[in-house]
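Structural features, examined
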Amino acid sequence: MDTKFPNSKVIFSKKAYLGIVAETYERIGTETGGIFLGKFHQGICYVLETVDPGPNSVFAPAYFEYDTPYVNHLANKIERFYKSGLELVGLWHRHPGNFSTFSSTDRITNREFASKSEHGAISALVNLV
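In what follows, the accompanying structure is described. (Residues numbered from 1 in each chain as written. Predicted model: local features only at pLDDT ≥ 70, side-chain atom pairs only at ≥ 80, totals over all residues. Heavy atoms only, no water.)

A few words on the nonpolar core. Counting residues in hydrophobic clusters, the biggest one holds 11 residues: Ile35, Leu37, Val51, Val71, Ala75, Ile78, Leu86, Leu91, Phe113, Ala114 and Ala121. Sorting the residues of this core by element identifies β2 (32–41), α2 (68–79) and α3 (104–114) as the ones contributing at least two each. Considering every element that reaches this core, the biggest residue donor is α2, with 3 residues. Cys45, Val47, Ile122 and Val126 belong to the second-largest nonpolar core, a separate cluster that totals 10 residues. (Core = buried A, V, L, I, M, F, W, Y, C linked by side-chain atoms within 4.5 Å. Buried < 20%, exposed > 50% of the residue type's maximum accessible area, 1.4 Å probe, protein only. Helix = DSSP H or I, 4+ residues; strand = E, 2+ residues; numbered from the N terminus.)

Here it is as structure tokens:
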């Protein structure tokens, strides 16, 4: 989480967690990622759903790019299942191997994305260890 929210907590639903694990194992040799959908409430970010990057994404060992039309479409469909709606609360991705540091491009993307919300945003790197 952004340092301007030092006491924030993040809670993942089992479904969201399993979505991250499934996508990560499916793309062992390349970067991959997804988005977090959820709600901010009283200093807690609840991640209820994840959306994979999509079938027309670009996957490479040091780069990946979302299939933006797919991600937007699926996020909107999922959001309809929630009475109070969902927000895009963050992004995640993984680097192949155990590279656990954001690249300079990642840091720029993270800052830009977080600046669009009063709550900031979750920016996560996922590793298999």
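Attention now moves to the sheet that holds β2. Strand order in the open sheet made by the 5 strands is β1-β3-β2-β6-β7, with mixed pairing throughout. Among the strands making up the open sheet, the edge pair consists of β1 (9–12) and β7 (122–125). Going from strand to strand, the sheet's axes swing by 30° on average, the running direction of each strand aside. Pairing of β2 with strand β6 (residues 87–94) involves 7 bridges; the strand directions are antiparallel. What sits directly across from Gly34, in β6, is Trp92. Lying on the sheet, α2 is in contact with β2 and β3 (44–51); it crosses β3 at an angle near 120°. Packed on one face of the sheet, α3 meets β6 and β7 and runs near 175° to β6. (Pairing = 2+ DSSP bridges. Axes fitted to C-alpha atoms, helices over the stretch in contact; angles between N-to-C directions. Contact = heavy atoms within 4.5 Å.)

Time to look at the packing of aromatic side chains. What describes a pair of aromatic rings is the distance from one ring centre to the other and the angle between the planes of the rings. All chains considered together, the criterion is met by 2 aromatic pairs. On the numbers, 5.4 Å between centres and 75° between planes, the contact of Phe12 with Phe36 is edge-to-face. Here Phe12, found in strand β1, pairs with Phe36, found in strand β2; they are 24 residues apart in sequence, far enough to count as distant. Ring centres of Phe64 and Tyr66 lie 4.9 Å apart, and the angle between their planes is 65°; on these two criteria the pair is classed as edge-to-face. Judged by its relative accessible area of 24%, Tyr66 is partly exposed. (Phe/Tyr/Trp six-rings, centres within 6.5 Å; stacked < 30°, edge-to-face > 60°.)

Keep in mind that these numbers describe shape and distance, not what the molecule does.
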